[in-house]
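The residues making up each chain are set out below.
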Amino acid sequence: MVDTLSPERRSSIMSRIRSKNTVPELAVRILVHGMGYRFRIHRRDLPGSPDLVFPSRRKVIFVHGCFWHRHRKCALSRIPKSRVDFWTAKLNANAERDIANIQTLRKADWKVLVVWECQIGGFDLGKRITTFLGPRGAEAC
């Protein structure tokens with residue numbers, strides 16, 4: 001299938017896609033901060049630059065977009081109809097890199113939670129995060 005947009009228009013659209021401070025990431029940060037947890041963001045010295053880092057707890061949270069990170073069996077994780085080979089390879093590489101980053105973090109004794117874009121706004125997200133992070137309280141960042 002041929003792209004319905006001109007190369008210039010497609011480039012303009014793609015250039016506005018952010019890798020940090022996305023709407024889902026900001027929603028999780030607001031939720032977690034509102035729950036009383038304090039964290040660092042995008043620590044580049046850790047594999048994958050986790051979105052939220054809790055150094056004193058040795059825990060990290062990644063907020064993944066379903067499309068970009070290949071959330072299996074999710075309606076938001078479809079392959080575009082144009083340039084199927086390109087997108088399949090690109091998105092599979094993203095997912096493989098995510099797995100490698102998570103494994104590296106776990107080997108370094110970090111606990112990892114992945115929050116998918118489609119899970120934001122669900123009633124159980126706050127409970128999942130509380131279960132993952134443990135009790136709130138004074139913690140060193």
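Below is a short write-up of the structure. (Residues numbered from 1 in each chain as written. Predicted model: local features only at pLDDT ≥ 70, side-chain atom pairs only at ≥ 80, totals over all residues. Heavy atoms only, no water.)

1. Considerations on the overall build of the chain
- Regarding its fold elements, the chain presents four helices and three strands.
- In the chain, the succession of helices and strands from N to C terminus is α-α-β-β-α-β-α.
- Across the chain, contacts joining residues at least 24 apart in sequence account for 56% of those joining residues at least 6 apart.
- Only carbon and sulfur atoms are counted for the fraction: they give 56% of the accessible area of the chain, which is about 8900 Å². (Helix = DSSP H or I, 4+ residues; strand = E, 2+ residues; numbered from the N terminus. Contact = heavy atoms within 4.5 Å. Areas by Shrake-Rupley, 256 points an atom, 1.4 Å probe, with all protein chains shown as cover.)

2. As for the sheet that holds strand β2 (residues 59-64)
- Judged by pairing direction, the sheet is mixed, and its three strands sit side by side in the order β1-β2-β3 without closing on themselves. Of all strands in the sheet, those bounded by a partner on one side alone are β1 (52-54) and β3 (111-116). Here the average twist between neighbouring strands, direction ignored, is 15°.
- The sheet contact formed by β1 and β2 spans three bridges and is antiparallel. Residue pairing across strands places Phe-54 opposite Lys-59, the latter belonging to β2.
- Lying on the sheet, helix α2 (residues 23-34) is in contact with β1, β2 and β3; it crosses β1 at an angle near 30°. (Pairing = 2+ DSSP bridges. Axes fitted to C-alpha atoms, helices over the stretch in contact; angles between N-to-C directions.)

3. Examining the side chain of Asp-98
- Relative to the helices and strands, Asp-98 resides in helix α3 (residues 84-107).
- Within the buried core, Asp-98 has no salt-bridge partner, and the shortest N-O distance to an opposite charge, that of Arg-97, equals 5.1 Å.
- When residues no more than four places from it in sequence are discounted, the contact partners of Asp-98 are His-64 and His-69. (Buried < 20%, exposed > 50% of the residue type's maximum accessible area, 1.4 Å probe, protein only. Lys, Arg positive; Asp, Glu negative; His and termini not counted. Salt bridge = Lys/Arg side-chain N within 4 Å of Asp/Glu carboxyl O.)

4. Considering the pattern of salt bridges
- Under the definition given, this model contains two salt bridges.
- Linking Arg-29 and Glu-25 is a salt bridge whose minimum nitrogen-to-oxygen distance equals 2.8 Å. Within this pair, Arg-29 and its partner Glu-25 are both found in helix α2, separated by four residues, close to a single helical turn. Neither residue differs from the other here; Arg-29 and Glu-25 are each classed as buried.

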